[in-house]
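Structural characterization, general
Below are the chains, spelled out letter by letter.
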Amino acid sequence: MQIPFYKYQGTGNDFVMIDNRDLSFPVSKELIASICHRRFGIGSDGLILLQNEPGYDFRMVYFNADGGEGSMCGNGGRCVVRFAHDLGLFTDSTTFIAVDGLHEATVMGDLISLKMSPVKDVERYEEFDFMNTGSPHYVTYVDNVSETDVVNIGSEIRYGSVYGPKGGTNVNFIEVIEDNHLSVRTYERGVEDETYSCGTGVTACALSAHLRKGFDGPITIETIGGTLKVDFEETPAGFDNIHLIGPAVRVFEGSLDLLLDLLSL
Ligand SMILES: N[C@H](CCC[C@H](N)C(=O)O)C(=O)O
């Protein structure tokens, strides 16, 4: 079987991208986990299928690196918009469907601006905030994010008694650099490791920083893999007009055929 693939990265959050408009990709958890594996496969934080969707430019189907179908992925969303643009599916602005519903996005040169789903409920606790920005996010503040043990503390919270039984959560650590400027590191569920950047995660961090520190959008957020901006409006119901803005780049292309042969698929 001939299955071309592409790899894209958005601030170091990397994705294998497949044009599945003919629905020929043999979806299986085992295959997707093998493709995403960094030692035995191609290596990525997730895999995205671009599919047709009547009335829209395309549908984004996102899987975590462990092969499970994930919730929304903000950086993956920006990358699939770049992929659709590279495929010539739209010129400047696009409308597509993802697991959490409709998204609009605009290509602005090197940057992609992706409109995220509105956020209604932010659960506020003394030590942390919890919200769903398309994916569930725990947000907490630290004095020195570069010295934070993201993997150990993150996995304790992800698998802990509060969030573990509910399917787990992503965990974000914020250091405030100055007004409207954060540095964030994220433990990602489904990758079960720190990633270089998490789009739904930095979105949650920006909204939390608005509530806790009074910062207004756009908020600039440094991640290991680069800089993102999050703009938003607070509404009586929560937050709307949330935009995640940053680069998304095609870095690689190849064929899945050898891997499929090795896996006898
Ligand atoms: N990296 C993604 C988040 C994926 C969420 C996923 N790890 C989960 O909640 O299962 C992003 O840029 O938003």
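Just so we're clear, the structure is a prediction, and the values are computed from it rather than from any experiment.

Summed over the entire model, instances satisfying the criterion amount to 10 salt bridges. The partner of Asp129 in a salt bridge is Arg124, and the shortest N-O contact between them spans 3.4 Å. Given a relative accessible area of 0%, Asp129 falls into the buried group. With relative accessibility at 43%, the residue Arg124 sits in the partly exposed group. Each of Lys7, Asp14, Arg38 and Asp45 takes part in salt bridges that share partners, so that together they form one network.

Take the environment of Phe90 next. Mapped onto the elements, Phe90 comes out in the loop between helix H2 (74-86) and strand E5 (93-98). Once you skip the residues sitting within four places of it in the chain, Phe90 turns out to touch Asp57, Val81, Ala84, His85 and Val107.

A few words now on a nonpolar patch on the surface. A cluster of nonpolar side chains, Val249, Val251 and Phe252, forms an exposed patch at the surface whose accessible area comes to about 250 Å². Along the chain, Phe252 turns up in strand E17 (residues 249-255). Accessibility expressed as a relative area gives 48% for Phe252, which makes it partly exposed.

Attention shifts here to the UniProt feature "active site" (unreviewed entry) in the protein. Per the UniProt entry, the sites bearing "active site" (unreviewed entry) are Cys73 and Cys198 in this numbering. Separation in sequence by 126 residues is not matched in space for these annotated residues, since their most distant C-alpha atoms are only 7.7 Å apart. With respect to the helices, strands and loops of the structure, Cys73 is situated in the loop between strand E4 (58-64) and H2. What makes Cys73 buried here is its relative accessible area of 5%. In this structure, Cys73 is in contact with Asn13, Phe15, Met60, Tyr62 and Thr200, ignoring residues within four places of it in sequence. Its location among the elements puts Cys198 in the loop between strand E13 (193-195) and helix H4 (199-213). Judged by relative accessible area, Cys198 falls into the buried class, the value being 5%. Among all residues touching Cys198, those that are not within four sequence positions of it are Asn13, Asn75, His137, Thr186 and Glu188.

On to the site of the ligand, then. Of all residues adjacent to the ligand, which total 15 residues, the nearest are Gly74, Asn170, Arg189, Gly199 and Thr200. In this structure, Glu188 approaches the ligand through a side-chain N or O atom, which is 2.9 Å from a nitrogen atom. Here Arg189 contributes a backbone N or O atom positioned 2.6 Å from a nitrogen atom of the ligand. Relative to its unbound accessible area of 360 Å², the ligand is 100% covered by the protein chains. Those elements giving two or more residues to the shell around the ligand turn out to be E4, H2 and H4. Among the residues making up the shell around the ligand, the classes are represented as four nonpolar, nine polar and two charged. Both domains that furnish three or more residues to the shell around the ligand are identified here as domain 1 (4-112 + 249-262) and domain 2 (122-246).

Criteria and thresholds
- Residues numbered from 1 in each chain as written.
- Predicted model: local features only at pLDDT ≥ 70, side-chain atom pairs only at ≥ 80, totals over all residues.
- Heavy atoms only, no water.
- Salt bridge = Lys/Arg side-chain N within 4 Å of Asp/Glu carboxyl O.
- Buried < 20%, exposed > 50% of the residue type's maximum accessible area, 1.4 Å probe, protein only.
- Helix = DSSP H or I, 4+ residues; strand = E, 2+ residues; numbered from the N terminus.
- Contact = heavy atoms within 4.5 Å.
- Patch = residues over 30% accessible without salt bridge, like charges linked within 9 Å, V, L, I, M, F, W, Y side chains within 5 Å.
- Areas by Shrake-Rupley, 256 points an atom, 1.4 Å probe, with all protein chains shown as cover.
- UniProt positions renumbered as here; feature names shortened; annotations may be inferred.
- Near = heavy atom within 4 Å.
- Polar contact = N/O pair within 3.5 Å; in protein donor to acceptor, adjacent residues only side chain to side chain.
- Nonpolar A, V, L, I, M, F, W, Y, C, P; charged D, E, K, R; others polar.
- Domains from an automatic or database assignment.

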